[in-house]
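Chain and residue survey
Letter by letter, the chains look like this.
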Amino acid sequence: MNNPAVISMDIGGTNLRLALVLSDGEVIVRLQSPCRIGEGRMQFLENICMEYEKIRQFAENAKIRIVAVGAGVPGLIDNSGEILSSVNLKPLNGFNLKEWLSLTFTLPAITLNDANAAAVAEHSHGAGRSFSSLLHLTLGTGVGSGLILDNRLWTGVDGVAAEYGHLTVEPDGRLCQCGNHGCLEQYASSTAITLTAIEKMKSGSVTQLMDIATANLESSDVAKAAYNGDRLALECFEEAGRYLGIAAAGAVNLLNPEAIILGGGVAASFDLLVPAIMKEIKGRAFEIPAARVKLLKGELGDNAGIIGAAATAFCLLSSS
Ligand SMILES: [Zn+2]
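Residues numbered from 1 in each chain as written. Predicted model: local features only at pLDDT ≥ 70, side-chain atom pairs only at ≥ 80, totals over all residues. Heavy atoms only, no water.

On to the sheet that holds strand β7 (residues 109-113), then. Spatial strand order, β3-β2-β1-β4-β7: 5 strands in an open sheet with mixed pairing. The two strands at the open ends of the sheet, each matched to only one other strand, are β3 (27-34) and β7. Sheet twist, expressed as the average angle between the axes of neighbouring strands with direction ignored, equals 20°. In terms of strand pairing, strand β1 (residues 4-11) meets strand β4 (residues 65-73) through 7 bridges, oriented parallel. Each residue of the ladder has a partner; that of I7, found in β4, is V69. Its contacts with the sheet place helix α10 (residues 304-319) against β1, β2 (15-22), β3, β4 and β7, and it is angled at close to 135° to β1. (Pairing = 2+ DSSP bridges. Helix = DSSP H or I, 4+ residues; strand = E, 2+ residues; numbered from the N terminus. Axes fitted to C-alpha atoms, helices over the stretch in contact; angles between N-to-C directions. Contact = heavy atoms within 4.5 Å.)

Here is the structure:
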């Protein structure tokens, strides 16, 4: 009894998830609610307080001791905890969430980029637990990434490293919301896979996807068609895999990592992506690091963010 636990948050542009997580990564309870960031910063923070109180009460009844708060946030966060830039949470730009969490809940607090949190989670409790170096890619609406080197999250001098989703893989390619053209996330995210399918349908290719209105089409529909053997749908995943492989080959040559792990919703179609990714790695990277690197599917699903934020908070406690 009296197990120590972290209240961990995964803050997205649409959903807010809060959970009670033990030091071994076990999620005791998890709540999900609309994030309400569209109603402004104050409403959003009030919402966090309400959800926090529900988890706190659960912990109290279960005799679980809350020792810290952790939060994964989509966007660039500096080492002090200030949110420098978040496309999905614009009202929080310039806000120090870490400080607010610590002062509001009178506990040690950490904040980190949500894709970094996912990398920490897979490294500490998931598919990457036997490796000391890995690149984790979260393939969702966008492409997030986190880099573990020598068992530590690499955040860079300003805290904003490993934005590998914005690596240029097509110099004159699709415009990205970051301002660059041809970023990886424009070719390998769920949004991108859907867009690729729509472009191919417009060019007149026959596909099972024609039964679905373009406005309703999702990457999961493209995946379903691909598993049914639909040629166009298979090509969409081959293309996404090719771009992921080009990016992965660069990481392999630069870092000689033990593993590249794919998480996020698109990773549900991991086996559709693997052949093209491996072909590019083998064709483009040096033989020794290409033979070494393992391409794996993440094990923690959409709990990766909350488990990673909790693991980071436990790490902070053990080092202080
Ligand atoms: Zn970009």
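Bound to the zinc ion on the protein side are H166 (ND1), C176 (SG), C178 (SG) and C183 (SG), at distances that span 2.0 to 2.3 Å. Around the zinc ion sit 4 donor atoms, and with donor-metal-donor angles ranging over 104 to 117° the site reads as tetrahedral. Along the chain, the residues that donate to the zinc ion are spaced as H-x9-C-x1-C-x4-C. Of this pair, H166 sits in the loop between β10 (152-153) and α4 (185-188) while C183 sits in the loop between β10 and α4, and the two are 17 residues apart along the sequence. Note on C183: relative accessible area 0%, which makes it buried. (Donors = N, O, S within 2.8 Å, 3.2 Å for Na, K, Ca; no water. Tetrahedral: all angles 85-135°; square planar, octahedral: opposite > 155°, others 65-115°. Buried < 20%, exposed > 50% of the residue type's maximum accessible area, 1.4 Å probe, protein only.)

Glancing now at the state of the cysteines. In total, this model carries 0 disulfides according to the counting rule given. As a non-bridged cysteine, C35 has C49 as the owner of its nearest cysteine sulfur, 14 Å distant. (Disulfide = S-S within 2.5 Å.)

Moving on: empty space enclosed by the protein. This structure, assessed with the given rule, holds 1 cavity of 30 Å³ or more. Together, G75, L76, I77, N113, N116, G159, V160, A161 and E163 line the largest cavity. Looking at the lining of the largest cavity residue by residue, the class counts come to 4 nonpolar, 4 polar and 1 charged. When residues of the lining of the largest cavity are assigned to domains, at least three map to each of domain 1 (4-120 + 302-319) and domain 2 (130-298). (1 Å grid on protein atoms, 1.4 Å probe; cavity = no way out; pocket = protein on both sides within 12 Å on 5 of 7 lines; lining within 4 Å. Points joined across faces, edges and corners; volume = space filled by probe spheres on them. Nonpolar A, V, L, I, M, F, W, Y, C, P; charged D, E, K, R; others polar. Domains from an automatic or database assignment.)

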